[in-house]
Amino acid sequence: MVIIHDVAAQKRKEREAKLSTYRKGCIHVPSGVVDLSQYPLRKLTETERIIVHCDATAIVDLIRKRVYTAQDVLRAFVKVAVAAQDVTNCLSEVLLDEAFLQASKLDRYLEKTGKVIGPLHGLPVSIKDHIKIKGLDTSSGYLGWAYKTVADSDALVVEILRNAGAILYVKTQTPQTLLSLETDNNVFGKTFNPFNRNLTPGGSSGGEGALIACHGSPMGVGTDIGGSIRIPAAHCGLYGLKGSVARLPHSGLLGSHDGMDAIVGCVGPLARSARDLELFCRIMLDAEPWLNEPPLLEMPWKRDVANGEGLPDKLAIAILFDDGVVAPHPPITQALNKYKHALARAGHDVIEWQAVDHQHGWDLIAKLYLLDGGAEYHETIRAGGESEVPQTEWILKHAQGRDPYTPADIFKLNLEREAFRSKALAHWNSTQQRTVSRRPVDAILCPVAPTLAPPHNTTSWWGYTSHWNLLDLPGVVFPVGRFTATSSATYPPLPHSRNDVENFIHNQWNPATYDNAPICLQLVGRRHNEEKLLAMLNVLEKVFKENTL
């Protein structure tokens, strides 16, 4: 009988065997070093360094113009990805041999025809582990699923990427259960934040966050049901988009609670630029995925809107400084204030968002996550003969001691969810009474989490991301800087704690803990208005650049 340690050891051994051919020497990180981010770049040539610092939009343009070949680009990113795995443990499955064969085919096609095969011709794209790639194992952080979940088909998002000319080369780490904002499992282990290895890269798309932050991928595909794209993007200093449900293709994923639709996740991109988020969405929706996935809305991508057409000259932005449950740490509040002042200086209409029912929202969505009382999660973990990792234990405690909900209970919860959404929509609309323009705000600027990337196993408040999943509103995360702990810096005191969770998080605040952690913010838009959201992000970034003192 195979014991769990043998399964994990075999998975890791196979991963290492596939990587070893492409490894360019071992990386030694001294024990006292916490910033890992530059180690994966040390073996690059100057040309490779230039390539991996390009965003996806630039890369496909450079390949199309024959400045670089697909093989040049893939070789550079693979060199970094292998090294990133060595220092952050970000990878799960590996298909490098197949990727180089595909790159060679694409180069020959371009040389022969003078044309690219599609708009992503030659672009390496990394894929979150539970998104199916035909022929690859899809353990999704469960020991019991390892070797038993080899995909017999591609997820729709993968199929569209292939048809657009993208090259799939690695899959990335996810946590046990996937219902976690950190990345830790008993198959491959824990993933580390490249900017400070004492901190989490976030989850559940944490492998994507760590890999892209190391420049080991120009674009990755994640999923988000409570913050699982936005949290890794924030903790790793990246751009990440969670759209509204039924906008982007979501079929072909493997995870617990398949078929549960009380709260539904979304597929979305993590990348190094805002324009790459637009590129991903455009490629997905130009493929008309609603013809293959019935739940999707027939909503073609409006590129003109994403480029700013129809935006008012002066935006109305509401800023959420505190959700009424956990006030964020000082670096996050400072970042919000900087954007507030920059927007005001540029003449935009800025008001404060008044938080409504965020604790109630969390209590409700936690019930929707665990309608069966966590039974399926417990059964899957038990079937693999494994134990719960700390963040699994934390989330499952939310259903501890109660029975699964009955159909009648679920009907009531669904009604409660819809009432919650209606109240939130009315609240948004009511902001017209407080704006100069007398129209409702265009977007909400807010934290992504109450802390910067926290120490491993300490994430304890999802409300700044899960709230928008509950309301099904699109949210985009974007980087604004990096935190540096200096002995001379002073910070305003945190407010008096209102509850145990806030007390725990406020007691975590120590500048030295978060040294070198990225600082990111989140912009939230109206439902199914992803194009306008990205257009507004472009305005915000331009305003901040031009109006920061």
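Residues numbered from 1 in each chain as written. Predicted model: local features only at pLDDT ≥ 70, side-chain atom pairs only at ≥ 80, totals over all residues. Heavy atoms only, no water.

### Some words on the overall build of the protein chain
So, point 1. Secondary structure assignment for the protein chain yields 18 helices and 13 strands.
So, point 2. Across its three principal directions, the C-alpha atoms of the protein chain cover 60 × 55 × 55 Å.
So, point 3. Put simply, the protein chain has 549 residues, and 59% of those count as buried.
So, point 4. Sequence separation of 24 or more characterises 80% of the internal contacts of the protein chain that already satisfy a separation of 6 or more.
So, point 5. As displayed, the protein chain has an accessible area near 21400 Å², and 52% of this comes from carbon and sulfur atoms.
So, point 6. Of the charged side chains in the protein chain, 57 are positive and 60 negative; the average position of the first set lies 5 Å away from that of the second. (Helix = DSSP H or I, 4+ residues; strand = E, 2+ residues; numbered from the N terminus. Buried < 20%, exposed > 50% of the residue type's maximum accessible area, 1.4 Å probe, protein only. Contact = heavy atoms within 4.5 Å. Areas by Shrake-Rupley, 256 points an atom, 1.4 Å probe, with all protein chains shown as cover. Lys, Arg positive; Asp, Glu negative; His and termini not counted. Charge placed at Lys NZ, Arg CZ, Asp CG, Glu CD.)

### Considerations on the packing of aromatic side chains
So, point 1. For the structure on display, the rule yields 15 aromatic pairs.
So, point 2. Look at Trp-362 and Trp-394: their rings are 6.3 Å apart centre to centre, the planes differ by 25°, and that puts the pair in the stacked class. Here Trp-394 lies in helix 14 (residues 390–396) and Trp-362 lies in helix 12 (residues 358–369), a separation of 32 residues in the sequence.
So, point 3. On the basis of relative accessible area, Trp-362 is assigned to the buried category, the value being 5%.
So, point 4. Taken together, a centroid distance of 6.0 Å and an interplanar angle of 55° make the contact between Phe-483 and Trp-509 tilted. (Phe/Tyr/Trp six-rings, centres within 6.5 Å; stacked < 30°, edge-to-face > 60°.)

### Digging into the pattern of salt bridges
So, point 1. Under the counting rule described, the total for this entry stands at 25 salt bridges.
So, point 2. The shortest N-O distance in the salt bridge between Lys-190 and Asp-184 comes to 3.2 Å.
So, point 3. Overall, Lys-190 belongs to the partly exposed group, its relative accessible area being 21%.
So, point 4. Notably, a salt bridge pairs Arg-498 with Asp-322, separated by 3.0 Å at the nearest N-O pair. Note that Arg-498 is positioned in the loop between strand 12 (475–482) and helix 17 (500–508) and Asp-322 in the loop between strand 9 (316–319) and helix 11 (330–345), a separation of 176 residues in sequence.
So, point 5. In this structure Asp-322 comes out as partly exposed when scored by relative accessible area, which is 26%.
So, point 6. Taken together, the shared-partner salt bridges in this structure form one network comprising Arg-247, Lys-302, Glu-530 and Glu-531. (Salt bridge = Lys/Arg side-chain N within 4 Å of Asp/Glu carboxyl O.)

### Some remarks on the nonpolar core
So, point 1. Ranked by size, the top nonpolar core spans 110 residues in total, and within it Val-157, Leu-161, Tyr-169, Leu-445 and Leu-523 carry the most contacts.
So, point 2. With 10 residues, the single largest contributor to this core is helix 4 (residues 70–88).
So, point 3. Leave out the neighbours within four places in its chain, and Leu-445 touches Ile-317, Ala-318, Ile-319, Leu-320, Leu-336, Tyr-339, Phe-478, Leu-521, Gln-522, Leu-523 and Leu-540.
So, point 4. Core analysis: the second largest hydrophobic core is formed by 57 residues, Ala-233, Leu-320, Leu-368 and Leu-371 among them. (Core = buried A, V, L, I, M, F, W, Y, C linked by side-chain atoms within 4.5 Å.)

### Remarks on the environment of Asp-129
So, point 1. Tracing the backbone shows Asp-129 in the loop between strand 2 (124–128) and helix 6 (156–163).
So, point 2. For the pair Asp-129 and Phe-504, spaced 375 residues apart in sequence, the C-alpha to C-alpha distance is 32 Å.
So, point 3. In this structure Asp-129 touches Ser-92, Glu-93, Asp-137, Thr-138, Ser-139, Ser-140, Gly-141, Lys-171, Thr-172 and Thr-174, once residues within four positions along its chain are discounted.
So, point 4. Among the polar contacts made by the side chain of Asp-129, one reaches the main-chain amide nitrogen of Ser-140 at a distance of 2.8 Å. (Polar contact = N/O pair within 3.5 Å; in protein donor to acceptor, adjacent residues only side chain to side chain.)

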